[in-house]
Amino acid sequence: MNPSSQSFGKSLFELLSSMRFAISLLSILAIASIIGTVLKQSEPYSSYLIQLGPFWFQVFEKLGLYDVYHAAWFLLILTFLVASTSVCITRNAPNFVREMRSFREHVSEQSLNAFRHKHEAATTQQPEALAASAQRYLEGQGYKVRNLPREDGVLLAAKAGSWNRLGYFLAHSAIVMICIGGLLDGNLIFKAQQVLGVKKIETRDIPQSQVPAISRLSPANPSFRGSVQIPEGSSASVAFLNVADGYLVQELPFTVALKQFRIEHYTTGQPKSFESDIELFDRAGKKIRAATIAVNHPLIHDGVAIYQASFADGGTRLTLRGWNLFAPAASSFPAEGAVHGSAALTSAAGDFTLEFIDFRPFNIEDMGGDTETPRNTMSVLGGSPVGDNRHLRNVGPSFQYKLRDARGQASEFSNYMLPLQFDGRWYLMSGVRESPNEAFRYLRMPLDAAGEIDSFMRLRGALLNAELRPEIAARFARQALPQDARGTEIEDKLKSSATQMLGLFAEGGFQSLGRFIEEKIPEAEREKVMGAYLRILELAAFEALQLANRQAGLPAPRTDEATGWLVRDTLNSMSDLFVYGAPVYLQLMQYDEVKATGLQLTRSPGKNVVYFGSLLLTLGVFFMLYVRERRIWLRIKPGHALLAMSSAKHTIDFEKEFARHAQALDTLVK
Amino acid sequence: MELALNQPAPLLKRLSWFDWLFAAIVAAGGLFALSRFGGYMDIYEKAILLAAIPSLAVSGWLWKPFRPLFIVVGAVSLFAFSQYQGNLARMEEAFFLKYLISSQAAIMWMCALFGLATLAYWAGLLARSEFMLKSGGALTWSAIAMGFIGLMVRWYESYLIGADVGHIPVSNLYEVFVLFCLITAMMYLYYEARYQTLQMGAFVLLVISAGVGFILWYTFDRGAHEIQPLVPALKSWWMKLHVPANFVGYGGFSIAAMLGVAYLLAGRGILASRLPRLEVIDDMMYKAIAIGFAFFTIATILGAMWAAEAWGGYWSWDPKETWALIVWLNYAAWLHIRLVKGLRGPMLAWWAVVGLFVTIFAFIGVNMFLSGLHSYGTL
Ligand code: HEM
């Protein structure tokens, strides 16, 4: 070996084991860790692209910032920490072991005299006698003592708290152990395979069975952490590992079947427990065991731990009634669907794809209302920590779907199955939004006396029907005018303006009416005219309802306030249809719920190493911080005693203890 | 002169009859709770309760003032339970409950007493009045008693709301803030007695008052004092260990930071003649960080073990976890730098002060600004 490489090795050793380097590493690691908490990790790459723009997206990707804690540079820092700690231990080990054992018997009187903590006393006692009593005293104080005869007297060498050094070994080897355990559970093996080209991440959205072998991991894979969704009545024998912008398929050593998934709720509606009844089968299809897992209660089988991680809809079957919103008739058609499925929809407005995305059996909504707990000082002082949950209601099931047009644009809908009450009247609600970060806007469809939306739909159909318009207008005009005005010009005028109003409304609701007024009516009169038009529209709509009922062979609507509201709400709701964004409304009639459980499956061989390391770390930290290492020497010569004391850490406790021993010496020498 | 030579007798031989009585009371209380409420506990919770008996007894033996505190809190809490007569509505009617010892009333008293204690400590510090300083201590003790009574009663109330709602009150930001104030105050009083210095109370009580301010804002503005049932992820016996251990850590770091402030002020001659010697402050600071670090280590390990059971992995680099690691690394670095040639002085004091900001971020900032698995206490 040549001298320069030797000195390089030596200085590397020096650097790695230096305290300054250790402190720098701890600080760098802390700062590096912050990055991953600020930038959300392991999101879909597309959302990073939107957040950062194409340039920074690439820069961040190169730096591995989407998965900082598995990035090569982060692992490098960790490796340095492990190296530094290991070197530090090896460097200190021999010294520390020697020190733990040694009583430092060879200390010279001269150096004892140079101690900062020393105390001298004159004595009349024989050195041996004083040494004996001092030894008893020190042992009583918890010291281990060596009595060393010297030619002119005795040297007592004592030590206590050697475990402090042991603590150093425990804690620092624990750090190494924990890091190694963590690495065992990390994805190093896969990374290596990826670099060698043996394995590849799958980024396509294809059925699991079609994922090629290069993206599949064998059941023998020693460490993984994946997840899988299983609908009730189905099973899975793989889990999915999310890696970067894709995934891998992990084959499991068994098959997990879900019998039932249960959610229990508190009376306030918050979820109380999530439980899955699962069964495990071996590869041959033989049942191995059945178990119920819940949050905080995983099942461990064959080294694979199975956790309750999430839940979802598992393909609830929906029975629907579709309403053509712009058909000039009250027509509906039956439809079927299943969550996660899709269907084609052809309508006059074009071709659409329906994608059923979710079903929720409950919806706990804050229905507003007055909070009964006023929050003034007195009520808090004597007040109640009991929450006021009276305004929380379960408003029943809802289902969600997307309607995608031929260009791929989609709106999302959320339809409730049961009606909701507002201002004493009942409505069926359908929410719509253009993107997931918007709130839903709701279409409210009024219910009739029978509690159905059929009257609303019938009236809507009649109002959209251009053929009925003359008759509606005629009936309206006749009803609106007194006996003697019938057949006059006024009636004709009223008829034609009613026809016009109805036509305008059928084209675009109140908006087209408003536009018409803005164009034709001088500003000063607009409000008055609008009032008159609305009145005409309402009365005409009532006639339309009568007509529609008669045509459907139904009894005439009652002329009461309820019908009045029904008509008014229908007009409002119809007007909203023009911005609803879909040509159909899907009414949920029945459902057959299928839930799915989200399981997480992990195998982590490093776990026990990490736990053992943690135990050592705890012990080590306590020993280091709470066992104080101290040494005492008592050099006794005829007529003179010298007490010296030292410790690696000079704390106030140490000063106090020294003072106590000095005082004790003064007593002993007498 | 015999005194100086006295061997330190083993702990058991040093105990007085009161120590034994105290241990008996603790054991009786623990066993009573076990027999009465055992039905609600799983095996681990029973083990925790049983292990708590000797731990509390030994705490009382080693730190004598803990004994009367425990007995007073226990007795008043039992009295409060009896006042309820199993009916939650009694809290609005029964005099004692309404004005003194329903959970919310007791916690508000705690807040008030901490406020007064802060004033008393400052008056004592500025006026060099030993009497005022001692009053500060007494007020702090009363605040602690009220706070613990409040938590005990809150625990009981939660079961009155519903057997399935009941849980130990360390589950949301409001409850842990109360816990933080109590633990920090207790740790401070312990060191106050050990170091025989009363003046530092003025500084430590400031950080507790900040906690109290937060509790008040959180109560009045957000109604956070309402008892909510536990989300499934928190329904675990691990919570009983992980959360308190964490708060011993936070408490130690907070005390250290306030001592750091005192150190820096005294180092510049501000209040210097009223404060203890710099070495004493420095020593206390080291002790506070040492105990904080030790417990924070345990808390983080317990958290990892809990995570392994609840989320399927002992370490997920979730923001809260990561910030716990950052805090821990920060204080590990602090302890090392102090060891390098025994570095002391303003640099370490500054570091302890900055450390508090890191800790606060890990404690509240993460909940406010970052989202993750740990989103239980959102603001
Ligand atoms: C995450 C990493 C580490 C942690 C958590 C840690 C923790 C600790 C703790 C708590 C102490 C006791 C401080 C005291 O007594 O006040 C300590 C002491 C010490 N550490 Fe570390 N340490 C780490 C890494 C390192 C490294 C990399 C080195 C090597 C340069 C090192 C060298 C030392 C030494 C020499 C002592 C003094 C031991 C003694 O004299 O008692 N530590 N460490």
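In what follows, the structure referred to is the one given above.
For the structure given in this document, a descriptive report is provided here. (Residues numbered from 1 in each chain as written. Chains lettered and ligands numbered in written order. Predicted model: local features only at pLDDT ≥ 70, side-chain atom pairs only at ≥ 80, totals over all residues. Heavy atoms only, no water.)

Remarks on the sheet that holds strand 3 (residues 153–160) of chain A
Residues and elements named next belong to chain A. The cut-off we apply is this: In this scheme, strands are said to pair when DSSP sees at least two bridges between them. Strands here mean DSSP runs of E at least two residues long; helices mean DSSP runs of H or I at least four residues long; both are numbered from the N terminus. Every axis corresponds to a line fitted to the C-alpha atoms, with the helix fit spanning only the stretch in contact, and the corresponding angles, defined between N-to-C directions, vary from 0 to 180 degrees. The contact criterion used is simple: two residues touch if any of their non-hydrogen atoms lie within 4.5 Å.
If you walk across this open sheet you meet the five strands as 1-26-25-3-2, and the pairing is antiparallel. The open sheet has two free edges, formed respectively by strand 1 (118–122) and strand 2 (144–150), since each of these has just one partner strand. With strand direction ignored, the average angle separating the axes of adjacent strands in the sheet is 15°. Note that strand 2 and strand 3 share seven bridges and pair antiparallel. Looking at strand 3, one finds that asparagine 147 is bridged to leucine 156. Helix 6 (residues 127–140) contacts strand 2, strand 3, strand 25 (630–637) and strand 26 (640–647) of the sheet and is inclined by roughly 5° relative to strand 3. Contacting strand 1, strand 25 and strand 26, helix 16 (residues 652–668) crosses the sheet at an angle of about 165° to strand 26.

Some remarks on the coordination of the iron atom of the ligand
Expected angles at a metal are 109.5 degrees for tetrahedral coordination by four donors and either 90 or 180 degrees for octahedral coordination by six donors. This is how the line gets drawn: Water is absent from the atoms considered, so a metal site may look incomplete; donors are defined as N, O and S atoms within 2.8 Å of the metal, or 3.2 Å for Na, K and Ca. Between 85 and 135 degrees for all angles marks four donors as tetrahedral; over 155 degrees for opposite donors together with 65 to 115 for all other angles marks four donors as square planar and six as octahedral; every other arrangement is irregular. Burial here depends on accessible area, computed with a 1.4 Å probe over protein chains only, as a share of the maximum for the residue type. Under 20% is buried, over 50% is exposed, and the range in between is partly exposed.
Protein ligation of the iron atom of the ligand involves His172 of chain A (NE2) and His336 of chain B (NE2), the donor distances falling in the range 1.8 to 1.9 Å. For the iron atom of the ligand, the six donor atoms in the first shell make angles of 83 to 180° at the metal, a pattern classed as octahedral. Separated into two different chains, histidine 172 of chain A in helix 7 (residues 163–185) and histidine 336 of chain B in helix 12 (residues 319–339) make up a pair that spans both. Taking the relative accessible area as the measure of exposure, histidine 172 of chain A reaches 12% and is therefore buried.

Comments concerning the nonpolar core
Convention followed: Among buried residues, those of type Ala, Val, Leu, Ile, Met, Phe, Trp, Tyr and Cys that are joined through side-chain atoms within 4.5 Å constitute a nonpolar core.
One finds Met110, Phe114, Met200, Phe203, Phe247 and Trp334 of chain B to be the most contacted residues of the largest nonpolar core, which totals 179 residues. The biggest single contributor to this core is helix 11 (residues 278–310) of chain B, with 18 residues. Contacts of phenylalanine 247 of chain B, omitting those with residues within four sequence positions, involve Val176, Leu179, Phe180, Ile183 and Phe363 of chain B. Of all hydrophobic cores here, the second largest spans 68 residues; its members include Phe359, Leu468, Ile472 and Met574 of chain A.

Here we look at the interface of chain A and chain B
Applied cut-off: A quick way to say it: buried area is the sum, across both parts, of accessible area lost when two parts are put together, with a 1.4 Å probe. Just to be clear on terms, a salt bridge is a Lys or Arg side-chain nitrogen sitting within 4 Å of an Asp or Glu carboxyl oxygen. N or O atoms closer than or at 3.5 Å make up a polar contact, with two conditions inside protein: a donor-capable atom paired with an acceptor-capable one, and, for residues adjacent in sequence, both atoms drawn from side chains.
Listed per partner, the contact involves 71 residues of chain A and 83 residues of chain B. For the pair chain A and chain B, the summed buried surface comes to about 6200 Å²; carbon and sulfur atoms form 65% of the total. Taken together, the links from chain A to chain B amount to three salt bridges. Measuring nitrogen to oxygen at the nearest pair gives 3.0 Å for the salt bridge that ties arginine 194 of chain B to aspartate 653 of chain A. In this structure, the connection of chain A to chain B is made through 14 residue pairs in polar contact (both at pLDDT 80 or more).

Remember, this is a structural readout, not a statement about activity or role.
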